[in-house]
Amino acid sequence: MQPLILYDIPSKLPGNNWTPNPAKPRFVLSYKGLPFETVWVEYPDIAGVLKEIGADPSKNADGSETYTVPVVKDPNTGAIVTDSFEIAEYLEKTYPAKPIFPHNSNALIRIFDPTFIATSASAARLAMRRSSEILNPPSAAYFITTRSKSFGVTNWEEEMSPDGEKCDENLANLRKGYETVNGWYEKSQGKWIVGDNFSYADIIVACRILWLKRVLREGEWKEVNSWNDGKWGQLLEDVEKECNLA
């Protein structure tokens, strides 16, 4: 079997990986025991690289096209798949061993995905600012320009510098969101979102936690990891073990 190829964004951090969406196929590939290689692409180069391999563009909210990662290229089938959820479903269909959508839960987990992401939307400025700090210069400049446009920011240093009260407010709002997610786990009557069945839903949560752990400052991450009796750092560790990444 030839290794699949995962397209991801590098950073200045040890091991490179940091961003949550490409982390999802990384976790799925590892969980299923599929061989894969990573091609690291800086933000300004993404469109050119993906056009060259024949990847389809994604759609923005306004209907315009954009090229984003993750993308997985499978030389065994010739498939080139864009979008983390579409990649997960492709891998499940093509390589069904060790399922990540137990009990035909694809539809429910597809609804779960944006619902979970919405719980942490209030802290996006904090995570985005910290993300810009760990990127290589070409990607950092591109990231700041594009995210400034998305957030309607005219001065990145002033408006996206969540220190002091702003940082505290972001973390407090993030904590409220994770209190809600903790309630979901408590009601599952098992270790995972789907009870005793590990699923893609747990990978979605873990990859968001991975992002925070990788980009937040040490004191900020320690605070996040103190919530719910240390649940979130432990959850990430448990999912990494389940996916053979620990």
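Everything below is about the structure printed above this text.
Reading guide: rules and limits
All residue numbers refer to positions counted from 1 along the written sequence of the respective chain. Where local features are concerned, this predicted model is filtered to residues with pLDDT of at least 70; where side-chain atom pairs are given and counted, the filter is 80 or more; whole-chain, interface and lining totals use all residues. For the side-chain quantities, the full set of heavy atoms in the structure was used; hydrogens and water were omitted. Put simply, DSSP marks the helices as runs of H or I at least four residues long and the strands as runs of E at least two long, and each gets a number from the N terminus on. The span one expects for a helix is its residue count, reduced by one, times 1.5 Å. Exposure classes here rest on a 1.4 Å probe applied to the protein chains alone. A residue is buried below 20% of its type maximum, exposed above 50%, and partly exposed in between. Throughout, nonpolar core names a set of buried Ala, Val, Leu, Ile, Met, Phe, Trp, Tyr and Cys residues whose side chains join them through atoms within 4.5 Å. Contacts are residue-level and defined by heavy atoms, with any inter-residue pair within 4.5 Å sufficient. Any carboxyl oxygen of Asp or Glu within 4 Å of a side-chain nitrogen of Lys or Arg constitutes a salt bridge here.

Q: Hey, could you run me through helix α8 (residues 165-187) in this one?
A: An α-helical turn contains 3.6 residues, so any two residues separated by three or four positions project in the same direction. Over its 23 residues, α8 runs 33 Å from end to end, which matches the ideal 33 Å to within 8%, given 1.5 Å per residue. Considered for burial, the residues of α8 that qualify are Cys 167, Asn 170, Leu 171, Leu 174, Gly 177, Tyr 178, Val 181, Asn 182, Gly 183 and Tyr 185. At the C-terminal side of α8, Gln 189 shows a positive phi close to 60°.

Q: Even after reading the chapter, I still don't get the nonpolar core, so can you show me in this structure?
A: Soluble globular proteins: nonpolar side chains tend toward being buried together. Counting residues in hydrophobic clusters, the biggest one holds 75 residues, and the most contacted among them are Trp 18, Phe 27, Leu 91, Tyr 200, Ile 203, Trp 232 and Val 239. Among the elements that take part in this core, helix α9 (residues 200-215) stands out by supplying 12 residues, more than any other. Not counting the four nearest positions on each side in its chain, Trp 18 is found in contact with Ile 9, Pro 10, Ser 11, Leu 13, Tyr 43, Ser 131, Ile 134, Leu 135, Phe 143, Trp 211, Arg 214 and Val 215.

Q: Just to check I follow, could you spell out unusual backbone geometry for this structure?
A: The bulk of non-glycine residues show a negative phi, and the bulk of peptide bonds are trans. Looking along the chain, the bond that leaves Val 69 and enters Pro 70 is cis, with omega of 15°. Examined against the element boundaries, Pro 70 turns out to sit in the loop between β4 (65-66) and β5 (71-74). A positive phi angle, close to 55°, is found at His 103, a residue other than glycine. Residues other than glycine seldom take positive phi values, yet Asn 228 does so here, at roughly 50°.

Q: Teacher, can you tell me more about the pattern of salt bridges here?
A: For side chains bearing opposite charge, pairing can occur when the charged atoms are close. One pass over the structure, following the stated rule, counts 13 salt bridges. Where Glu 92 meets Lys 32, a salt bridge forms, and the shortest distance between an N and an O atom there is 2.9 Å. Of the two residues, Glu 92 sits in helix α3 (residues 84-94) while Lys 32 sits in the loop between α1 (20-31) and β2 (36-40), which places them 60 residues apart along the sequence. Where Glu 179 meets Arg 175, a salt bridge forms, and the shortest distance between an N and an O atom there is 3.9 Å. Residue Glu 179 and its partner Arg 175 are located together in helix α8, separated by 4 residues, close to a single helical turn. By relative accessible area, Arg 175 is classed as partly exposed at 37%. The structure contains a network of salt bridges with shared partners spanning Arg 129, Arg 130, Glu 133, Arg 217 and Glu 220.

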